[in-house]
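Observations on chain architecture
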Amino acid sequence: MAKHMKRPSILSALTSAAFVIGASIIIAIASDICSCDAFSDAGRQSVMLAPSSSTLLTSSYSKTINQYHRRNRLSTTPTLPYFFMSSSTQNNDGNNNNNDNDNKGDDDAMATIINGITREAQELSQCTSIVYNYLSKPDGDVSATDVVQACDAVDEAVTTLSLSSTSSNSLPMSISYLNQYLSLRRRSHEFGRYHLLVKLLRSNYDAYVSTAEFLSPSRIKRMDLPNVQDVKYYAAINNDDDANANTSADKTAVVVAKMEGVGVVADAESEVPLVPDCTLQNMTYNTSPLDALLLSIFRKFVSEYTQMPMRDDIPGIQGLVVQGRSYMTKDLPEGTSYAEHAYVQHDMVKTVLGRLMTPVLPPFYRIFMSGIVPSNNNLPESIQGKQLGPWFYAPYLTSIVTPIFFGFLVGPSHPNRRKDGQRGGLVVEKCKFLQESQCKGLCLHQCKLPAQEFFKETLGLELSVSPNFVTQECQWSFGERPLEVREDSSFPVGCLVGCESRKGMAAKKRGDDICM
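Keep in mind the model is a prediction, meaning the values are calculated, not measured. (Residues numbered from 1 in each chain as written. Predicted model: local features only at pLDDT ≥ 70, side-chain atom pairs only at ≥ 80, totals over all residues. Heavy atoms only, no water.)

**Observations regarding the overall build of the chain**
Heads up, the condition is: Think of it this way: any DSSP run of H or I at least four residues long counts as a helix, any run of E at least two long counts as a strand, and we number them from the N terminus. Exposure categories follow from relative accessible area, calculated using a 1.4 Å probe and restricted to protein chains: below 20% of the type maximum is buried, above 50% is exposed, and the middle band is partly exposed. Here, two residues are considered to be in contact whenever any of their heavy atoms come within 4.5 Å of each other. The Shrake-Rupley method, run with a 1.4 Å probe, gives the accessible areas here. Residue values count only the displayed protein chains as cover.
Assigned secondary structure in the chain consists of 17 helices and nine strands. Burial analysis of the chain (516 residues in total) assigns 49% to the buried set. Excluding contacts between residues fewer than 6 apart, the proportion of contacts in the chain whose partners are at least 24 apart in sequence is 69%. Only carbon and sulfur atoms are counted for the fraction: they give 54% of the accessible area of the chain, which is about 25000 Å².

Following this line, the structure appears as structure tokens:
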């Protein structure tokens, strides 16, 4: 999967728009007055004025500027800001009349500036109104039709901008600078569409899933959805290049059925049910210096805990997978079952994570995120160790920070919404550990369960980890209580077809549930 495109920030777009308008007014008026005669272009064609208020403002400014120019005898003519020019102004290189007594050029130039500023201000106001209308709609009133209409509005904004870019004029008067360069109207509708989906997610989860499956990825990129946990995946068949793309956000057309906990075939040797492997092309991960450092330290801690030497000839995440598989499938002392050994694997991962976070971070997190009162002799004994949180901001802030420090294990991820529509979700695009291991047992006992236990027991925050073995995506929901594995219908029964651990484990665990 290629790295997903970030969801457009409408707040940053609106801020940029306001800045552009304000800065343009100051630059267009102040700099022209102080340095040159900006309004003596008599050869330019007249521009239609904006509404009556703009006309009055134009007349007032024109008289003031004319008086200033006559007094100072200025005659230099600068170029007007590009996005305030009309089509005729941009394309007309007519002769300039520098006669200070001719007011026509002054009026036309100032009218062009005022008309441009008015157009940008109107567009900013309309886009602000669009966003407000989306946000003010009650959760219970949102339907699939509303989301489809928002998609139509996005498509219309894109089409309008595309037509303007292919027209004879590079920037027609009907297209504002805010749309030409900031795509403000499109971003406004995309922002609103996202929040309509969030409202639907909060009010009716089943309706949200149906709507998301209907619209994604043909009209909404998969990674632009608020939550993809139970949304079926669709693969492309229209174009071979698209079908082999590295991102689930660009897939279109035919459905790949989501596994619902039922094995599709039985292995002849172990007689355990098998479930399909992920058929998507493997993702190529970019390893940052921080990722490389953390992975090296993590592998070292795993080797020390397991008393098993680290394979220096197998670098990176592949080496970690070899370490994990060797530990999971090792020969056990007589009387010790592999079911019991699963809990030992959990303890190993939790211990390593604790060491990786250093002795400083867990206590800090417990106090300022989970709201756990520390044991301190200066505090009343009745409240020592009592949990007052987690604080309302803990799930969301955790979802912001986690991609930075856990990317070395899981790969690229970004914050999204939990199943209840609240902030605090995190979606892993294509799990690095699962892709390299192709093993549901390693995923379960050396990632999912120990991570959930670590956050709850050590950090004081509930965590639900939900891997998708069809796409190798993984949904992390901070502050959400996880289901028991055997009660989770989304977690399939049996081994993956391509699991390398299965044959080695089958002889040792016949009769046991290998991957549960």
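**Describing the packing of helix α10 (residues 289-306) against helix α14 (residues 394-410)**
We apply this condition: To obtain each axis, a line is fitted to C-alpha atoms, and for helices this fit is confined to the stretch in contact; angles are then taken between N-to-C directions over 0 to 180 degrees. Should the near helix be turned anticlockwise from the far one by less than a right angle, the crossing is termed left-handed; should it be turned clockwise, right-handed. Throughout, the ten residues Ala, Val, Leu, Ile, Met, Phe, Trp, Tyr, Cys and Pro are labelled nonpolar, Asp, Glu, Lys and Arg are labelled charged, and all others, Gly among them, are labelled polar.
Axis separation between α10 and α14 bottoms out at 9 Å; the angle between their running directions is 65 degrees. Note on packing geometry: the crossing formed by α10 with α14 is right-handed. For the pair α10 and α14, the contacting residues are L290, D291, L294, L295 and F298 in the first and I404, F405, G407, F408 and L409 in the second. Considered class by class, the residues forming the contact of α10 with α14 number eight nonpolar, one polar and one charged.

**Some points on the packing of aromatic side chains**
The line we're drawing: To pair, rings of Phe, Tyr and Trp, with the six-membered ring standing in for Trp, must have centres within 6.5 Å; the planes then decide the type, stacked if under 30 degrees apart, edge-to-face if over 60, and tilted in the middle. Whether a charge lies above a ring is judged from NZ of Lys or CZ of Arg, which has to be within 6 Å of the ring centre and within 35 degrees of the ring normal.
Scanning all chains against the criterion turns up ten aromatic pairs. Ring geometry for F406 against W476: centres 6.2 Å apart, planes inclined by 55 degrees, an arrangement best described as tilted. You can see F406 sitting in helix α14 and its partner W476 sitting in strand β8 (residues 473-478), a full 70 residues away along the chain. Each of the two residues, F406 as well as W476, counts as buried. The rings of F406, F454, F455, W476 and F478 are connected pair by pair, giving a single aromatic cluster. Between the NZ or CZ atom of R355 and the centre of the ring of F301, over which it lies, the distance is 3.8 Å. Over the ring of Y396 we find R423, and its NZ or CZ is 5.2 Å from the ring centre.

**So, the pattern of salt bridges**
Quick reminder of the rule: Whenever a carboxyl oxygen of Asp or Glu lies within 4 Å of a side-chain nitrogen of Lys or Arg, that contact is scored as a salt bridge.
Taken as a whole, this structure holds 19 salt bridges when the rule is applied. Residue R202 pairs with D139 through a salt bridge whose shortest N-O separation is 2.9 Å. Of this pair, R202 sits in helix α7 (residues 184-203) while D139 sits in the loop between α4 (104-135) and α5 (144-165), and the two are 63 residues apart along the sequence. Take R202: its relative accessible area is 34%, and that puts it in the partly exposed class. Exposure remark for D139: the relative accessible area of 24% places this residue in the partly exposed category. Taking the shortest distance from any N to any O, the salt bridge between D420 and R418 comes out at 2.7 Å. Judged by its relative accessible area of 34%, D420 falls in the partly exposed class. Take R418: its relative accessible area is 10%, and that puts it in the buried class. Connected through shared salt-bridge partners, D347, K350, E453 and E457 make up one network.

**A short note on the sheet that holds strand β7 (residues 463-468)**
Heads up, the condition is: Whether two strands pair depends on DSSP finding at least two bridges between them.
Spatially, the four strands line up as an open sheet ordered β5-β6-β8-β7, and their pairing is antiparallel. Looking at which strands have only one partner, the edges of the open sheet turn out to be β5 (413-417) and β7. On average, each strand axis in the sheet is inclined to that of its neighbour by 25 degrees, with strand direction left out of account. When β5 meets strand β6 (residues 423-428), the two strands line up antiparallel, connected through five bridges.

**Observations regarding the pairing of β7**
Counting buried residues in β7 gives six out of six residues, a clear majority hidden from the surface. Here β7 shows a buried face lined by L463, V465 and P467 and a second buried face lined by S464, S466 and N468. Pairing of β7 with β8 involves six bridges; the strand directions are antiparallel. Bridge pairing in β8 places V465 opposite W476. In this antiparallel pair of consecutive strands, β7 and β8, the connection spans four residues, and Q472 shows a positive phi of 65 degrees.

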